[in-house]
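Chains, contacts and geometry: an overview
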Amino acid sequence: MASLEIVDVRKSYGETLVLDGVSLAMEPREFVAFLGPSGSGKSTLLRIIAGLETADSGEVRLEGRRIDALPPGDRGVAMVFQHYALYPHMSVFDNMAFGLRNAGVPKAEIETRVAEAARVLEIEAHLDKKPGQMSGGQRQRVAIGRAIVKHPRLFLLDEPLSNLDAALRMRTRVELAQLRQRVDAAVIMVTHDQAEAMTLADRIIVMNDRRIQQIGPPMEIYARPANTFVARFVGSPAMNLAPVDLVEGGGPFARVKLPDGAEVETRVAQAGLPKGGVLQLGLRPESVRVVPEEEATTSAKVELVERLGERTLVYATLEGGQPVTAEDKGASAVRIGDRVGLRVDGSAAHLFGADGAGHHAGAAAAA
Amino acid sequence: MNARGRLGGLAFVAPFLLAYTFLLIYPLINGIILSFQHVDLFGGGRFVGLDNYARLFADATFLRSILTTFMLALMIVPLLTILSLALALALNRATRGAAIFRGIFFSSSVLSVTIVTLIWRFVLAPDAGLLSETAQALGAEPIPFLSHPTWSLWALAITTIWWSIGLPMMLFLAGLQQIPGDVYEAAALDRASRWATLRRVTLPALKRTVVLVVMLQTAAQLQIFGQAQLLTGGGPGGSTRTMVLFIFETAFARWELGYATAAAEILFLLIVALTLAQYAATMRGSEADGGR
């Protein structure tokens, strides 16, 4: 049986439509990330699942039981809020025990569950403290503990790492990954950080502009983006997109011409492409390499160089003004203002039709 | 800091310091000096030491006024706090109706005490007042609000609560709006009933506001005066003569300025002592709470 099922959920605030017919189904114990920019509707969807917002239409089911008409506390979900939302006047123990007491769980059972969660989260020493006496990372653990003790069927995490500093974020990310191994429940995490989504989730649901743009495992989202939005949003730095013309020819794969005249032999099947109309070529920076003049397929003028240590990112413009991001080795000699040769790896190229839909190498077009 | 900077700084605080010195410090000290003198409005005073204070503690009228004042404060402050909190809880929502009612409930605070007592005289008057007319229409005996010693205290309390409810209500509303919404959402996910949410989330967050309201209102109601003078004139039989009314009568009807000032100093000390005691009690409470 599916864990969470959402069927055609719509929501608007007054005139403003925020969710336009969203549907999805989760596997049992699956970790799903809602990934999207601010205003994409991902938080609203999470709040509808939690019962903190009401959908205008559509259904929400958890393990076969319809929950969209139930009050939040009766849905079998637990939520970790972005700003933790701990009860400031209760001790850590009471913060975790409050929901269990309200649910009428026996006292001994409450103590067992809280002690277990505190042990797992390493906050046993702080059970008598108030949230105000704890650091951000410790509060985050209490918030997670408060969710764990309820033994929910579904965890909802709203931007769980956004309030932590960089070092703590990495550590908490690892802990979240361990957490999901321990709990027998599905997890939904809302995030705008693609690295979090890529590293933690079994599947990513990319949202933008009120709709789900793509659902898939992280590597599929990365390798076969459904459209230009997903292509640009996932991956850092963003994928290069350039308008291209299809070169007429008989081969099975599409051959395209960049504005500066350079041609790229892709591995995208010609058959699946839309006839006529505008095409865009999509290239990840790692498939555009800085190479010596004699190996180059095109050349560009360097605008900015970012040295990251193990590699160097080169922001440049092609003849005709088309911007392109390329990669070079860590010890790159490239400087701003240089003209450099670029070699495009056509086998890793993506093509996008006028409607934005992506066409990728190796299989029929994934719409 | 150099001398020039110090002078500049002093220039900025000078206007306030001058006003504060002449309007507060000087009268305070002058009052203390006056309370050790036998003095009337005509001619100078004569130093009498603690004579005024000794007389006061033997003066049954004064001692009774202390009791009356504390009775009134006890009747007003708890009720006022609970009612204003209830109003704030009911009106803490972003609807147009709530905004209108907030305005209505606050509006009584802007009236002067003369108008407030006039309005309540219409309501409480024994012969033709609203309450007595209503009671008579229902065939009941009207309550003698202004002529019975206990009921006239209640008349003062009700009038005062009606008049003063706006400010504490606003303080509670401000306190409520400081509570982040996600805590309530967490409570909803924790299956908290409305009662549990009020008791475990809202009230603890309002603790400081409650303390503030109780402290402000205690200090204010111990100085209750206008209502007592205008609604009951201290009667019947001196049963509603408050401390400030006693001070007023002593100073401006019997012209015993030194004696009245001594009474005022006692009132001042009582208010300071009570406020400090409340403050100390709360501080101890919040330390046990561990900070916030």
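Computed from a predicted model, the values in this text were never measured in an experiment.

All right, on to the overall build of chain A then. Helix and strand counts for chain A stand at eight helices and 21 strands. Out of the 367 residues in chain A, the part that is buried amounts to 40%. Counting only contacts in chain A whose residues sit at least 6 apart along the sequence, the fraction spanning at least 24 positions is 65%.

Now for the overall build of chain B. Helix and strand counts for chain B come out as 14 helices and two strands. Dimensions of chain B, computed from the C-alpha atoms along their principal axes, are close to 80 × 75 × 35 Å. Across the 292 residues in chain B, those meeting the buried criterion constitute 28%. Across chain B, the fraction of contacts at a sequence separation of at least 24, relative to all contacts at a separation of at least 6, is 67%.

Here we take up the environment of Leu72(B). All names here are of chain B. Relative to the elements of secondary structure, Leu72 occurs in helix H3 (residues 60-91). For Leu72, a count of 23 C-beta atoms within 10 Å corresponds to the buried category. Each C-alpha atom of the pair Leu72 and Gln178 lies 32 Å from the other, and the pair is 106 residues apart in sequence. Setting aside its immediate chain neighbours within four residues, Leu72 contacts Leu153, Leu156, Ala157, Gln221, Ile224 and Thr242.

Side chains on a regular strand alternate between the two faces of the sheet. Residue and element names in this part refer to chain A. Of the two faces of strand E13 (residues 263-269), only one is covered, namely that formed by Val264, Thr266 and Val268; the face formed by Glu263, Glu265, Arg267 and Ala269 stays uncovered. Both strand E12 (residues 253-257) and E13 contribute to a ladder of four bridges, which runs antiparallel. Its bridge partner being in E13, Val256 is matched across the sheet by Val264. Counting the residues between successive antiparallel strands, the hairpin from E12 to E13 contains five residues, one of them, Gly261, with a positive phi of roughly 100°.

Turning next to the interface of chain B and chain A. Listed per partner, the contact involves 18 residues of chain B and 19 residues of chain A. Only helix H9 (181-189) and helix H10 (194-205) of chain B provide two or more residues apiece to the side of chain B that touches chain A. With six residues, the top contributor of residues to the side of chain B that touches chain A is H9(B). Here the residues of the side of chain B that touches chain A are counted per class, giving 10 nonpolar, two polar and six charged.

On to helix H11 (residues 207-221) of chain B. Residues and elements named next belong to chain B. Across its 15 residues, H11 extends 21 Å between first and last C-alpha, which sits within 8% of the 21 Å expected from 1.5 Å per residue. All of the buried residues in H11 are Thr209, Val213, Gln217 and Gln221. All buried residues of H11 fall inside an arc of 80° around its axis, so they share one side. In this fold, the buried residues of H11 make contact with H3, helix H7 (149-164) and helix H8 (166-177).

Residue and element names in this part refer to chain A. As far as domains go, chain A holds domain 1 (4-232) and domain 2 (236-359). Counting residues at the interface gives nine residues for domain 1, matched by 11 residues for domain 2. In terms of residues, the side of domain 1 that touches domain 2 owes the most to one element, helix H8 (residues 228-233), which gives four residues. In the side of domain 1 that touches domain 2, the residues fall into four nonpolar, three polar and two charged.

All names here are of chain A. Burial within strand E8 (residues 186-191) is extensive, with six of its six residues counted as buried. As defined by bridge partners, strand E3 (residues 31-35) adjoins E8 across five bridges and the pair is classed as parallel. By the bridge assignment, Ala33 is partnered in E8 with Met189. Where the polypeptide runs from strand E7 (residues 154-158) across helix H5 (residues 166-182) and back to E8, its parallel neighbour, the crossover connection is right-handed.

Our focus in this paragraph is unusual backbone geometry. The linkage connecting Ser236(A) with the following residue, Pro237(A), adopts the cis geometry, with an omega of 0°. Structurally, Pro237(A) is set in the loop between H8 and strand E11 (240-246). In this structure, Trp255(B) is a non-glycine residue whose phi angle is positive, near 55°. Mapped onto the elements of the fold, Trp255(B) is located in the loop between helix H13 (243-252) and helix H14 (257-288).

Ranked by size, the top nonpolar core spans 104 residues in total, and within it Ala33(A), Ile49(A), Leu156(A) and Ile188(A) carry the most contacts. The greatest single-element share of this core, amounting to six residues, is contributed by helix H2 (residues 92-102) of chain A. Composition of this core by domain shows at least three residues from each of domain 1 (4-232) and domain 2 (236-359) of chain A. Formed by 46 residues, the second largest nonpolar core is a distinct cluster that contains Leu87(B), Ala157(B), Ile165(B) and Met243(B).

Definitions and limits used
- Residues numbered from 1 in each chain as written.
- Chains lettered and ligands numbered in written order.
- Predicted model: local features only at pLDDT ≥ 70, side-chain atom pairs only at ≥ 80, totals over all residues.
- Helix = DSSP H or I, 4+ residues; strand = E, 2+ residues; numbered from the N terminus.
- Buried ≥ 20, exposed ≤ 12 C-beta atoms within 10 Å, placed from the backbone.
- Contact = placed C-beta atoms within 7 Å.
- Pairing = 2+ DSSP bridges.
- Nonpolar A, V, L, I, M, F, W, Y, C, P; charged D, E, K, R; others polar.
- Expected span 1.5 Å × (residues − 1).
- Arc of directions from axis to C-beta.
- Domains from an automatic or database assignment.
- Right-handed = clockwise from strand over helix to strand, strands pointing away.
- Core = buried A, V, L, I, M, F, W, Y, C linked by C-beta atoms within 7 Å.

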